[in-house]
Amino acid sequence: MGQISVIISRNPGSVLSANQHQQTVGYEALARWEMSPGKFVPPCEFIPLAEDAGLIVELTDQLFRIACQDALSWPAHTVLSFNISPVQLSDRLLGLRLLKILGEVGLPVHRLELEVTESALINDPETARGVLDDLVKSGINIALDDFGTGYSSLSQLLSYNFNKIKIDRSFVATFEDSDRQEKIVRAIIALGAVLGVKITAEETQLRRLQDLGCDIGQGYLLGKPCPIEKTLKVA
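None of the values given here were measured: they were computed from a predicted structure.

What counts, and at which threshold
Residues numbered from 1 in each chain as written. Predicted model: local features only at pLDDT ≥ 70, side-chain atom pairs only at ≥ 80, totals over all residues. Heavy atoms only, no water. Salt bridge = Lys/Arg side-chain N within 4 Å of Asp/Glu carboxyl O. Helix = DSSP H or I, 4+ residues; strand = E, 2+ residues; numbered from the N terminus. Buried < 20%, exposed > 50% of the residue type's maximum accessible area, 1.4 Å probe, protein only.

Draft legend 1. Highlighting the pattern of salt bridges. Counted under the stated rule, the structure contains 10 salt bridges. Between Asp61 and Arg97 there is a salt bridge, with the nearest N and O atoms lying 3.1 Å from each other. Of the two residues, Asp61 sits in helix H2 (residues 56-71) while Arg97 sits in helix H3 (residues 94-105), which places them 36 residues apart along the sequence. When its relative accessible area of 18% is taken as the criterion, Arg97 is described as buried. A salt bridge links Asp179 to Lys183, with the shortest nitrogen-to-oxygen separation between them at 3.3 Å. Here Asp179 pairs with Lys183, and both are found in helix H7 (residues 179-195), just 4 residues apart, close to one helical turn. The burial state of Asp179 is the same as that of Lys183; both residues are exposed. Three or more residues joined by partner-sharing salt bridges are found here, namely Glu28, Glu115 and Lys166.

This is the structure we're talking about:
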C-alpha cells in the first residue's frame, strides 16, 4: 500500500531584501505517498480520497504531529507552514486538535503558519470564518494560498484575518513579459503593504520581485523539497 510521509520544502520562506541578503524564515511541510521506491502519488490525488473516505482528520493529525516534531530541530525563529484541507475548515474542533498536538509536542504556537486556499472559503464561509477566527485568537498565523485564482475577492481580505498572502505562481511565472501582469503583481504587493500583510511569491525572477517589494520568496530556485535531515544542514 505504500506509506504517506512528510517531505519538507527546503527554503520555502526566504526573506527578499533590498541588499540581496537572504535569510531562511520557514519551511513548508508537504505530504507524499510513496507507493513504491521512487514512485509517489501527489496529494491532489490522495487527499480527496482521504476526504471521501472520512479519514482526513486522522491523516492530518498524524502528519501534523510529525511535522511539528521535525520543526523542533530547526532554529527557534523558523516557522512551520502546514496546509489545511478545504473540508477541515468546516470542522469546529480543528483548532482544539491542532493546539493539543502543539502542546504535546512542545512547539510554540507562534512558530506555526496554516495555509488555506481561496476555494476553501467558499463552501461554508460562515463556519470557515469561525474556525479561522479561533485559530487567529490562539496565536496561529494564517496564510492565504494561491491568491489571484479561482474565487479571488477583496471581500475575503476584509472578512478574514490573514497574516500572509501567497501570490499564485501563474502571476509571477512570466510577469516580466507582460506589462498588464506586472501591474497586477505590483497591485497585490502594494495591497499587502497597505494591509500590513506579508507577501510571498514563488520566485522565478528573484531580483525583480525584490525591486517590487515582495517580502518572501519560495520555490525551486531557493530550495527543492527534501527529507527533514537535509533541512538541518541549512537551518
